[in-house]
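Listed below are the residues making up each chain.
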Amino acid sequence: MAGLYPLFLNFTSLFIQCMVLGAFVLILFNNKLSWTRLLLFSFLNTVANLLPVQIVSRSSHSEVIFIAIYFLSMILLIKYVLGLRLLYSMVGTCVVFLLSTIVQYLTMALLKISLHGYDLFVWLAASPLNSFIMRNVGSLLDFVGVIAIYYFKIKIYIPSDIYKKRKIEIILNIFIIAMVIVPNVLFFETNVVNIPTELLLFNAASVFVLIILSTRNSIRFGELELAKQELEFKK
């Protein structure tokens, strides 16, 4: 029973986080919120992220494996469970990963400030409830992001019949962003105790600028493609 309690808390907090992130993706791509699909997406995503952690022992190499599983499972679940196109799934996964990175940095910074210099890892290891609190603080910040894109009506539209070359360019852009961010996340996760709070906040701001630019470029790209199609139709 003692081992089930932390697993239950971890599952619950991750499930809540996946629900919020799933809603974020659907709203971002102007899809209807289907609670059945959202619940299934959250459940499968939670299992896909927790199962490897239970099987594979943590090491420097395992973190890379966990992130790879995260990307793969997120892309497949967005496509086949939430019902979005593959290109939307890849863009959505990238945006969600960037959002999660910002939230992770902000949560770490808030906890470091709240703990007044107390070792964050020691605090997390002291009780499963502490990890539960940390993840739910992150989910609350994710929810603020969902409210923001809903309120400001931020939508990404990519036409389904764009040229193959354009699709390759978008995929390469996603890959480059991931290659830049993933090493950064791995470093901060393993060295958070020694990293100043100011640097965590600076990184959160940097990733925030990146996500704004990436989203803006995606929206602009969709508008240009749509205008091009309309022009060809008029001709």
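Because the structure is predicted, anything quoted here is derived from the model rather than measured.

Draft legend 1. Structural context of the nonpolar core. Counting 59 residues, the largest nonpolar core has Phe24, Phe29, Leu82, Leu84 and Val91 as its most contacted members. Elements supplying a minimum of two residues to this core: α1 (4-28), α2 (35-55), α3 (60-80), α4 (86-114), α5 (120-126), α6 (128-151), α7 (164-191) and α8 (197-234). When residues in this core are grouped by element, the largest group, 16 residues, is from α4. Beyond its immediate chain neighbours, meaning those up to four positions away, Leu82 contacts Gly22, Val25, Leu26, Arg37, Leu38, Phe41 and Leu77.

Draft legend 2. Inspection of the packing of aromatic side chains at higher detail. In the structure shown here, the tally under the stated rule is 7 aromatic pairs. For the ring pair Phe11 and Phe15, a centre distance of 6.3 Å and an interplane angle of 15° mean the geometry is stacked. Remark: Phe15 and Phe11 occur in helix α1; sequence separation between them is 4 residues, near one turn of the helix. On the basis of relative accessible area, Phe11 is assigned to the partly exposed category, the value being 26%. An aromatic cluster is built from Phe11, Phe15 and Phe43, whose rings are joined through pairwise contacts. When the ring centre of Tyr80 is taken as reference, the NZ or CZ atom of Lys79 above it lies at 5.2 Å. Arg85 extends its terminal NZ or CZ atom over the ring of Tyr88, reaching a point 4.3 Å from the ring centre.

Draft legend 3. Just the layout of surface pockets, in detail. Quantified by volume, the second largest pocket comes out at close to 460 Å³. Gly145, Ala148, Ile149, Phe208 and Ile212 are, among the 20 residues lining the second largest pocket, the residues nearest its centre. Breaking the lining of the second largest pocket down by element, the ones donating at least two residues are α1, α4, α6 and α8. Looking at the lining of the second largest pocket element by element, the count peaks at 6 residues for α8. Considered class by class, the residues forming the lining of the second largest pocket number 17 nonpolar, 2 polar and 1 charged.

Draft legend 4. Representation of the packing of α1 against α6 in the model. Across the interface, α1 lies against α6 with an axial gap of 9 Å and an inter-helix angle of 10°. Considering their axes alone, α1 and α6 lie roughly parallel with respect to each other. Across the contact of α1 with α6, the residue classes break down as 17 nonpolar, 7 polar and 2 charged.

Draft legend 5. Structural context of α1. Helix length check: α1 (25 residues) gives 36 Å between terminal C-alpha atoms against 36 Å at 1.5 Å per residue, within 8%. Among the residues trailing α1, Asn30 stands out with phi positive, at a value near 60°.

Draft legend 6. Representation of α6 within the structure. Spanning 24 residues, α6 covers 35 Å between terminal C-alpha atoms, matching the ideal 34 Å at 1.5 Å per step. Within α6, the full set of buried residues consists of Asn130, Met134, Gly138, Ser139, Asp142, Gly145, Val146 and Ile149. Taking the backbone nitrogen of Leu129 as reference, a side-chain oxygen 3.1 Å away marks Ser127 as the first, capping residue of α6. Trailing α6 by a residue or two, Lys153 shows a phi angle of about 55°, which is positive.

Reading the values: the criteria
Position numbers for residues count from 1 along each chain, tracking the sequence in the order it is written. Predicted model: local features are reported for residues with pLDDT of at least 70 only, side-chain atom pairs are reported and counted for 80 or more only, and whole-chain, interface and lining totals are derived from all residues. For the side-chain quantities, the full set of heavy atoms in the structure was used; hydrogens and water were omitted. By convention a nonpolar core is built from buried Ala, Val, Leu, Ile, Met, Phe, Trp, Tyr and Cys residues, the set being connected through side-chain atoms within 4.5 Å. Think of it in three bands: residues with accessible area under 20% of the maximum for their type are buried, residues over 50% are exposed, and the middle band is partly exposed, with areas taken using a 1.4 Å probe on protein chains only. In DSSP terms, a helix is any run of H or I states spanning at least four residues, a strand is any run of E spanning at least two, and both are numbered starting from the N terminus. The contact rule is simple, with two residues in contact once any of their heavy atoms fall within 4.5 Å. Any two of the Phe, Tyr and Trp rings considered here, Trp counted by its six-membered ring, make a pair once their centres fall within 6.5 Å; the pair's planes then place it as stacked at under 30 degrees, edge-to-face at over 60, or tilted in between. As a reminder, the over-ring test applies to NZ of lysine and CZ of arginine, requiring each to be within 6 Å of the ring centre and within 35 degrees of the ring normal. Cavities and pockets are defined on a 1 Å grid built over the protein atoms alone: a cavity is a set of grid points where a 1.4 Å probe fits but cannot escape, while a pocket is an open set with protein on both sides within 12 Å along at least five of seven lines, and lining residues are those with an atom within 4 Å of any such point. Grid points are joined across faces, edges and corners, and a volume is the space filled by probe spheres set on the points. Residue type decides the class: Asp, Glu, Lys and Arg count as charged, Ala, Val, Leu, Ile, Met, Phe, Trp, Tyr, Cys and Pro as nonpolar, and the leftover types, Gly among them, as polar. Only the stretch in contact is used when fitting a helix axis, every axis being a line fitted to C-alpha atoms; angles between N-to-C directions are given from 0 to 180 degrees. In this scheme, roughly parallel covers angles under 35 degrees and roughly antiparallel covers those over 145, while 65 to 115 is roughly perpendicular and the rest are oblique. One fewer than the residue count of a helix, multiplied by 1.5 Å, yields its expected span. N or O atoms within 3.5 Å of each other form a polar contact, as long as, within protein, one can give a hydrogen and the other can take it, and as long as residues adjacent in sequence are counted only when both atoms are side-chain atoms.

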